[in-house]
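What follows is the residue order along each chain.
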Amino acid sequence: LSVLGLMNDKENKVQLLIDEDLLHWETIGMHPCINTSSLWMATEDLLNKVIPAMGHPYRTVVLGQTE
């Protein structure tokens, strides 16, 4: 699922989880709701402008960690 697909979730039924390792990347690549192209965006812009504009909070998770 592309994070940009959240713009179609007007009822906020989807919960956005972001791997904490991605928060340290300078840019993040995603599909702009079309699988024939890719879009790279500054991680800071995605987290501080785009996601809030779509009205979806995100939760940070740690993937690949075993207990």
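Each chain carries its own residue numbering, running from 1 in the written order of its sequence. Reporting of local features is limited, given that this is a predicted model, to residues whose pLDDT is at least 70; pairs of side-chain atoms are given and counted only at 80 or more, and all residues count toward the totals for whole chains, interfaces and linings. Think of the side-chain values as coming from all heavy atoms in the structure, minus any hydrogens and water.

Glancing now at the environment of Asp 45. Secondary structure elements are defined from DSSP: runs of H or I of at least 4 residues count as helices, runs of E of at least 2 residues count as strands, and each element is numbered from the N terminus. Relative to the helices and strands, Asp 45 is located in helix 1 (residues 43–53). In the structure, Asp 45 is positioned 18 residues away from Thr 27 in sequence and 9.1 Å away in space, judged by C-alpha atoms.

In this section: the nonpolar core. Among the nonpolar cores identified, the biggest contains twelve residues, and these are Val 3, Leu 4, Leu 6, Leu 16, Ile 18, Ile 28, Met 30, Met 41, Leu 46, Leu 47, Ile 51 and Met 54. Among the elements that take part in this core, helix 1 stands out by supplying three residues, more than any other. Once residues lying within four places of it in the same chain are set aside, the contact partners of Leu 47 are Ile 18, Leu 23, Pro 52 and Tyr 58. Take the buried residues of types Ala, Val, Leu, Ile, Met, Phe, Trp, Tyr and Cys, join any two whose side-chain atoms come within 4.5 Å, and each joined set is a nonpolar core. A 1.4 Å probe rolled over the protein chains alone gives each residue an accessible area, and that area as a share of the maximum for its type sets the label: buried under 20%, exposed over 50%, partly exposed in between. What makes two residues a contact is simply this: any of their non-hydrogen atoms within 4.5 Å.

Here Asp 19 shows up in strand 1 (residues 16–19). Linking Asp 19 and Val 62, residues 43 residues apart in sequence, is a C-alpha distance of 5.5 Å. For Asp 19, the contacting residues outside a window of four places in its chain are Val 61, Val 62 and Leu 63.

Turning to helix 1, its buried residues are Thr 43, Leu 46, Leu 47 and Ile 51. Buried residues in helix 1, looked at end-on, bunch into an arc of 90 degrees, giving them a common side. Across from the buried face of helix 1, at angles greater than 90 degrees, the exposed residues are Glu 44, Asn 48, Lys 49 and Ala 53. On the buried face of helix 1, the contacting elements are strand 1, strand 2 (27–30), strand 3 (39–42) and strand 4 (58–61). For this quantity, the arc is that covered by the directions from the helix axis to the C-beta atoms.

For Asn 12, which is not glycine, the phi dihedral falls at a positive 50 degrees. Examined against the element boundaries, Asn 12 turns out to sit in the segment before strand 1. Here the phi dihedral of Cys 33 falls at roughly 65 degrees; this positive angle occurs in a residue that is not glycine. Relative to the assigned elements, Cys 33 resides in the loop between strand 2 and strand 3. What makes Cys 33 partly exposed here is its relative accessible area of 43%.

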